[in-house]
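Architecture and fold: a report
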Amino acid sequence: GSDGNSIQLGDVAANAQRFQFSSLETARSTWPDVDGVLGQWFLSRFDYLLDLRNKRLEFGKQEVEGNRAALRVREGRAAVSTSLGELILDSGAARLVLFGVLPETGELREMLTLAGSQSVGMVESRLAIEGRNVWRGSSVAIPQREAPGIAGLMPLSLFRAVYMCNSEGYVVFE
């Protein structure tokens, strides 16, 4: 990798960026047209709307409707408090992933991630944010906990759009 880089996307730019170089083999197996990944190091400097329905990223302050929640930074990543604990917001996760949870069935499988592989199972979950039911279904259960205080990963694909207001510390889910 390298530090101290400058990056510009359209009208937004950021200095002192850290780049990590990788083959992106795992990411390209799911998204063959991916050229790179924008990380929290870059995105946390801006307010932005991730429009998952129309596959667009729009930078800048916006007024959006939807469920609003306090945005926290945990281990350098964006997180929100939910009925399942503090969940990291993850645009690359395909399913809700819960750490430190035993699977409901004894059958474990290997899940390939960008960081390696994990033994996982499945568990039924109900997700609520700010008292509003958002989703329920099967979640990936990883018996070991990644880091203290982090309950898992919440895929942004559960929503039509997500607005990250880093300047005021909140997120809106539509």
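Residues numbered from 1 in each chain as written. Predicted model: local features only at pLDDT ≥ 70, side-chain atom pairs only at ≥ 80, totals over all residues. Heavy atoms only, no water.

Moving on, we get to the overall build of the chain. A tally of helices and strands in the chain yields two helices and 15 strands. Since a compact globule built from 174 residues should have a radius of gyration of about 16 Å, the 17 Å found for the chain is in line with a globular shape. For the chain, the spread of C-alpha atoms along the principal axes amounts to about 50 × 40 × 30 Å. With 174 residues in all, the chain has 36% of them scored as buried. At a minimum sequence separation of 6, the contacts of the chain that also span at least 24 residues come to 58%. (Helix = DSSP H or I, 4+ residues; strand = E, 2+ residues; numbered from the N terminus. Rg over C-alpha atoms; globule rule 2.2 N^0.38 Å. Buried < 20%, exposed > 50% of the residue type's maximum accessible area, 1.4 Å probe, protein only. Contact = heavy atoms within 4.5 Å.)

Another aspect to go through is the environment of L87. For L87, the location among the structural elements is in strand β8 (residues 85-90). Spatially, the C-alpha atom of L87 lies 9.7 Å from that of F99, the residues being twelve residues apart in sequence. Contacts of L87, omitting those with residues within four sequence positions, involve A78, A79, V80, T82, L96, L98, L127, A151, G152, L153 and M154.

In this structure, Q62 sits in the loop between β4 (56-59) and β5 (67-70). Looking at Q62, the relative accessible area reads 19%, which means it is buried. One polar contact links Q62 to E58, side chain to side chain, over a distance of 3.4 Å. Leaving out residues up to four positions away in the same chain, Q62 has contacts with L49 and Y163. (Polar contact = N/O pair within 3.5 Å; in protein donor to acceptor, adjacent residues only side chain to side chain.)

A word on the nonpolar core. One finds L89, M154, M164, V171 and F173 to be the most contacted residues of the largest nonpolar core, which totals 27 residues. Looking at this core, the elements with two or more residues in it are β2 (12-19), α2 (40-43), β3 (47-51), β7 (77-82), β8, β11 (116-129), β14 (161-165) and β15 (170-173). No other element matches the three residues that β11 contributes to this core. Discounting chain neighbours no more than four positions away, the residues touching M154 are V80, L87, I88, L89, D90, L96, L127, I129, F159 and F173. Grouped together as the second largest cluster of nonpolar side chains are ten residues, A79, V97, F99 and V120 included. (Core = buried A, V, L, I, M, F, W, Y, C linked by side-chain atoms within 4.5 Å.)

Bridge count for β8 against strand β13 (residues 152-155) is four bridges, and the pairing is parallel. The residue of β13 that forms the bridge with D90 is P155. Note that strand β9 (residues 97-99) and β13 share two bridges and pair antiparallel. Looking across to β13, one finds that L98 is bridged to G152. (Pairing = 2+ DSSP bridges.)

The backbone of K55 shows a phi angle near 55 degrees, a positive value even though the residue is not glycine. The exposure class of K55 is exposed, given its relative accessible area of 78%.

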